[in-house]
Amino acid sequence: MRLDKFLKVSRLVKRRTLAKEVCDKGRVTINDKEAKAGTNVAVGDELTIRFGNKAVTVRVEGLKETAKKDEASDLYKLVKEEKLQSEVEQTF
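Definitions and cut-offs
Residues numbered from 1 in each chain as written. Predicted model: local features only at pLDDT ≥ 70, side-chain atom pairs only at ≥ 80, totals over all residues. Heavy atoms only, no water. Pairing = 2+ DSSP bridges. Helix = DSSP H or I, 4+ residues; strand = E, 2+ residues; numbered from the N terminus. Core = buried A, V, L, I, M, F, W, Y, C linked by side-chain atoms within 4.5 Å. Buried < 20%, exposed > 50% of the residue type's maximum accessible area, 1.4 Å probe, protein only. Contact = heavy atoms within 4.5 Å. Polar contact = N/O pair within 3.5 Å; in protein donor to acceptor, adjacent residues only side chain to side chain.

Asks: Where do I start with the sheet that holds strand S4 (residues 54-60) in this structure?
Replies: Hydrogen bonds between backbone atoms are what pair the strands of a sheet, whose relative direction is either parallel or antiparallel. On the basis of which strands lie adjacent, the open sheet formed by 5 strands has the order S2-S1-S3-S4-S5 and antiparallel pairing. A single partner strand is all that each edge strand has here, and the edge strands are strand S2 (33-34) and strand S5 (76-83). Sheet analysis places strand S3 (residues 46-51) next to S4, joined by 6 bridges and oriented antiparallel. Following the sheet pairing, Phe 51 is matched in S4 by Lys 54.

Right, here's the structure in full:
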């Protein structure tokens, strides 16, 4: 399954076009390698997504073409969530 579609189906990102933008800006890695929107995702892969001032790492637990709202969180397991320092904070 394509990365941008997985992010949308799992509801980690709200819309597929937004998921594609996030991927194309280099904010998503799969198993510590930068990933584009068309990169294939497999069960067991670790995804790290940088949102503004935080990074979320999840492990892919399942793949589905569509998922209801209550099923979406079953597609991944949260590994860690960390706050990132902004460039301004690092200079002080």
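Asks: Teacher, can you tell me more about the nonpolar core here?
Replies: The nonpolar side chains of a soluble globular protein tend to be buried, and buried together. Ranked by size, the top nonpolar core spans 22 residues in total, and within it Leu 3, Phe 6, Leu 7, Val 28 and Leu 47 carry the most contacts. Elements that contribute at least two residues to this core include exactly helix H1 (3-9), helix H2 (16-24), strand S1 (28-30), S3 and S4. Per element, the largest residue contribution to this core is 4 residues, and it comes from H1. Look past the residues within four positions of Leu 3 in its chain and what remains in contact with it is Cys 23, Val 28, Ile 30, Ala 35, Lys 36, Ala 37, Thr 39, Val 41 and Leu 47.

Asks: How do you make sense of unusual backbone geometry when you look at a structure like this?
Replies: Excluding glycine, residues mostly carry a negative phi; peptide bonds, for their part, are mostly trans. For Asn 31, which is not a glycine, the phi torsion comes out positive at approximately 50 degrees. Along the chain, Asn 31 falls in the loop between S1 and S2. With a phi angle near 65 degrees, Asp 32 is a residue other than glycine that sits in the positive phi range. With respect to the helices, strands and loops of the structure, Asp 32 is situated in the loop between S1 and S2.

Asks: Explain the environment of Cys 23 here, please?
Replies: In this structure, Cys 23 sits in helix H2. In this structure, the C-alpha to C-alpha distance between Cys 23 and Leu 7, residues 16 residues apart in sequence, is 9.9 Å.

Asks: For this particular structure, what's the right way to read the pairing of S4?
Replies: Across a regular strand the side chains alternate sides, sitting on one face of the sheet and then on the other. When you tally the buried positions in S4, you get 5 out of 7 residues, the bulk of the element. Hairpin geometry of S3 and S4 is characterised by an intervening segment of 2 residues between the two adjacent antiparallel strands and by a positive phi of about 50 degrees at Gly 52. Two elements, S4 and S5, share 7 bridges in a ladder whose sense is antiparallel. From the neighbouring strand, Val 56 faces S5, where its bridge partner is Glu 81.

Asks: Is there a simple way to explain the environment of Asn 31 in this structure?
Replies: Using a relative accessible area of 40% as the deciding quantity, one classes Asn 31 as partly exposed. Residues Asn 31 and Glu 46 lie 15 residues apart in sequence; the distance between their C-alpha atoms is 5.1 Å. Aside from chain neighbours lying at most four places away, what touches Asn 31 is Asp 45 and Glu 46. In this structure the side chain of Asn 31 is engaged in a polar contact, spanning 3.1 Å, whose partner is the side chain of Asp 45.

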